[in-house]
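These are the residues of each chain, in order.
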Amino acid sequence: MEAVRARRRREFTGCWRCRERKVKCDEGSPCSACQRLGLQCDGSSTRLVWLNGKQSYRSTGRRYMHCERTWDNYPPLDSDVVDLLIAQCDSMETNVNECPWPMPVNYTPFFAFHSIPPTSLGSTVNLVLANGGTDSTHANRDDKFLFQHYVNYVALVMMPFEHPCNPWKRYYPSVSLEYSAPGKRALYHAILAHAAFNLAHLGADSPKMIRLAAKHYNTSIQHINDSIQTSADQGSGGTLAAIMTLMMAEVYSGQSRKWKHHLQGAWALLLNSSSKEPWKESQFACFSTQSLLIVKIIGNTTLTDRIHSPLTLTPGLLPATDRIAPAVIMPSPSSVLVNAEIAYASSISSTPQFGFTIGTQRSLLECISSITSISQQMRATPPTKTYSDADRTVSQVLACLDHLQTQANEDPHPQHETDSAPASDLDRPSPQVQNLASYQLNAFIYATYIYLYRALMDAPPKRVEPYVSLAFQNISAFCEQSSGNFSLWPAFIAAVETYTEDGMKSAQKWLEQSIQFGLGNRLPTKRIIEEVWRRREDAHFERAMDKGLIAVDWRDVVKDLGIDILLV
């Protein structure tokens, strides 16, 4: 009787050299057989072969593998995540830098349908999770999904361009994962609320995302209250960052009236902090206080009725003859508080890299603050009064802007005016980022010219048209090289004053790109701009006037529409 021949088990996981030689591979890297023979071992890497027409090819490699082994050890994806990934495939561009959609997970079965390499996704999430955030860190898959969306997408669009020092990607996620104090727990849930609101505006299962956003929003508020009552983190760390994150969540949600309450609360918390200089405690605390002051300066530009506390920044860059004089402080019963605010503002603005997260510099924010302060006084005071302080502010702001414009023309890639040398090469922005930063800075310079002429001199659009044109030249150059989230304030200031056909086309193109990021405040921004254009057009037909001579104050439009918008 013939003996039954034992069937040899075949494996397909060895290196290609051993497969071709039909010998057993120990699957080392490199394997011992290749080492012994002095051959180059290629491990089990994929080998691709191109065929023409009906050309045949006999593979010496793996011919069959059970499909369930492909995604072995990967957790299954929720149905809503799969839906979002499929939607991303539909909207994916061929250029990775032009992809407007977030990638909520660090693996996906749909990589074959777009050009983004798997190794480029989720690197930050993996790094953050490796530093203390595992699956057990998050209560459920929804929380983990929202957290990863924040790190992979929301944190990126918080700045106009990618930068290794982006605080929302570099500090906020890791601090929130510590979850050790009420302030840090508040930050964690604020981050999840922020991400959920953004996903809702991106169209990813909006009802569910809004429900999750509300849940985490309320949880964050509870932890903030606990932190304030117990003074758990001195009000300068996680709690302040959590309040600022909730404020941005309101901005992303499109709720136009609630962000200001968070801003006032965060500023009051800072002034009442037991630490005299909380911005010196850590880079995380420094960026949080910087962000607070930047938002306060930009937010003040949209105030229409009441006088707000002026924030006069101490000049540091310009020669003595070009420095901005302190804005006149209106009489106030709370003069001690006003003085404290001015002192805090000047100290915070003197910290390194102040302004870079929004794409500008300290001196420009100083100019904007001075213009706003004088403008609010002029709107609240009878027009018969002489404004010597306004005249002085105009001449000094113009000197400052001329100085900055000259610098920008001489050095298109200037170092930030208060930057210290980067700690390592990893912190150095790439040449492309430097180009994008220069477009941002230039647009801010020209927008501040526009803001000055319109707010303090009521100049007609024709007077500021050259600055509008230059601003949009930089905005267009930015948009051609990047799909990043261009700073809202300079683009808005230029858009509301444009009246030419080319200018309005440039503004509309920017608006179309800006709306794609899922930021709720972009829609009311668009509404304000178009209403300004409509009123100018109506006046043009009614009065038979050149549109370049028709001044429409966008602040009046904001007031008439009942919109309370934050231009960040």
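Higher on the page you've got the structure.
Rules and cut-offs
Residues numbered from 1 in each chain as written. Predicted model: local features only at pLDDT ≥ 70, side-chain atom pairs only at ≥ 80, totals over all residues. Heavy atoms only, no water. Helix = DSSP H or I, 4+ residues; strand = E, 2+ residues; numbered from the N terminus. Buried < 20%, exposed > 50% of the residue type's maximum accessible area, 1.4 Å probe, protein only. Contact = heavy atoms within 4.5 Å. Areas by Shrake-Rupley, 256 points an atom, 1.4 Å probe, with all protein chains shown as cover. Phe/Tyr/Trp six-rings, centres within 6.5 Å; stacked < 30°, edge-to-face > 60°. Lys NZ or Arg CZ within 6 Å of the ring centre and 35° of its normal. Salt bridge = Lys/Arg side-chain N within 4 Å of Asp/Glu carboxyl O. Disulfide = S-S within 2.5 Å. Core = buried A, V, L, I, M, F, W, Y, C linked by side-chain atoms within 4.5 Å. Expected span 1.5 Å × (residues − 1). Axes fitted to C-alpha atoms, helices over the stretch in contact; angles between N-to-C directions. Parallel < 35°, antiparallel > 145°, perpendicular 65-115°, else oblique. Left-handed = near helix turned anticlockwise from the far one by under 90°. Nonpolar A, V, L, I, M, F, W, Y, C, P; charged D, E, K, R; others polar.

A word on the overall build of the chain
Here comes step 1: The secondary structure content of the chain amounts to 21 helices and zero strands.
Here comes step 2: Counting the 568 residues in the chain, one finds 52% classified as buried.
Here comes step 3: Put simply, of all contacts in the chain between residues at least 6 apart along the chain, 74% involve residues at least 24 apart.
Here comes step 4: Total accessible area on the chain stands at roughly 27,400 Å², and carbon and sulfur atoms take up 51% of it.

Quick look at the side chain of H189
Here comes step 1: Inspection of the secondary structure assignment puts H189 in helix α8 (residues 182–202).
Here comes step 2: Apart from the residues lying within four places of it in its own chain, the contact partners of H189 are Y179, H216, T219, S220 and H223.

Section: unusual backbone geometry
Here comes step 1: One non-glycine residue, E27, adopts positive backbone phi at about 65°.
Here comes step 2: In this fold, E27 is placed in the loop between α1 (16–21) and α2 (32–37).
Here comes step 3: We note that Q353 has phi near 65°; this positive angle belongs to a residue other than glycine.
Here comes step 4: Counting through the fold element by element, Q353 comes out in the loop between α13 (335–349) and α14 (362–380).

Comments concerning the packing of aromatic side chains
Here comes step 1: A full pass over the atoms with the stated rule returns 13 aromatic pairs.
Here comes step 2: For the pair Y449 and Y467, a centre-to-centre distance of 4.4 Å together with 10° between the ring planes defines the contact as stacked. In this pair, Y449 sits in helix α16 (residues 431–457) while Y467 sits in helix α17 (residues 461–481), placing the two residues 18 residues apart along the sequence. With respect to burial, Y449 and Y467 carry one shared label: buried.
Here comes step 3: With a centroid separation of 5.0 Å and an interplanar angle of 90°, the aromatic rings of F492 and W554 are classed as edge-to-face. In this pair, F492 is assigned in helix α18 (residues 488–495) and W554 in helix α21 (residues 554–561), connecting sequence segments 62 residues apart. An identical accessibility class is assigned to F492 and W554; each is buried.
Here comes step 4: Members of the aromatic cluster, joined through ring pairs, are F147, Y179 and Y188.
Here comes step 5: Over the ring of Y179 we find R185; its NZ or CZ atom is 5.9 Å from the centre of that ring.
Here comes step 6: Above the face of the Y453 ring, R463 is positioned so that its terminal group lies 4.3 Å from the ring centre.

Concerning the pattern of salt bridges
Between side chains of opposite charge, pairing is possible as soon as their charged atoms come close.
Here comes step 1: Evaluation of the coordinates by the stated rule reveals 16 salt bridges.
Here comes step 2: One salt bridge in this structure joins E497 and R536, with 3.7 Å as the shortest N-O distance. You can see E497 sitting in the loop between α18 and α19 (501–515) and its partner R536 sitting in helix α20 (residues 522–543), a full 39 residues away along the chain. Across the pair, exposure class does not vary: E497 and R536 are buried alike.
Here comes step 3: Across the pair E531 and R535 runs a salt bridge whose closest N-O atoms are separated by 2.9 Å.

Considerations on the state of the cysteines
Here comes step 1: By the definition in use, this model includes zero disulfides.
Here comes step 2: Between C31, a free cysteine, and C34, which holds the nearest cysteine sulfur, the sulfur-to-sulfur gap is 3.4 Å.
Here comes step 3: For C31, a relative accessible area of 1% gives the class buried.

Some thoughts on the nonpolar core
Here comes step 1: Core analysis: the biggest nonpolar cluster contains 139 residues, and Y150, Y172, Y252, W489, F492 and W510 have the highest contact counts within it.
Here comes step 2: Of all the elements, α16 adds the most residues to this core, at 16 residues.
Here comes step 3: Once residues within four sequence positions are removed from consideration, F492 is found in contact with W510, T525, I528, I529, W554 and L567.
Here comes step 4: Residues C25, A33, C34 and C41 belong to the second largest nonpolar core, which totals seven residues.

Side note on helix α12 (residues 283–300)
Here comes step 1: With 18 residues, α12 should cover 26 Å at 1.5 Å per step; its first-to-last C-alpha distance of 26 Å lies within 8% of that length.
Here comes step 2: Most of α12 is tucked away: 17 of the 18 residues are buried.

Concerning the packing of α8 against helix α9 (residues 206–230)
Here comes step 1: Packing of α8 against α9 brings their axes to within 7 Å, and their N-to-C directions diverge by 160°. Relative to α9, α8 is oriented roughly antiparallel. In the crossing of α8 with α9, the sense of the turn from one axis to the other is left-handed.
Here comes step 2: When grouped by side-chain class, the residues that make up the contact of α8 with α9 number 15 nonpolar, nine polar and two charged.

Here we look at α8
Here comes step 1: Between the first and last C-alpha of α8 there are 30 Å, a value that for 21 residues agrees with the 30 Å anticipated at 1.5 Å per step.
Here comes step 2: By the criterion of burial, α8 is predominantly enclosed, with 18 of the 21 residues buried.
Here comes step 3: Note on α8: the residue one or two positions beyond its end, G203, has a positive phi of about 90°.

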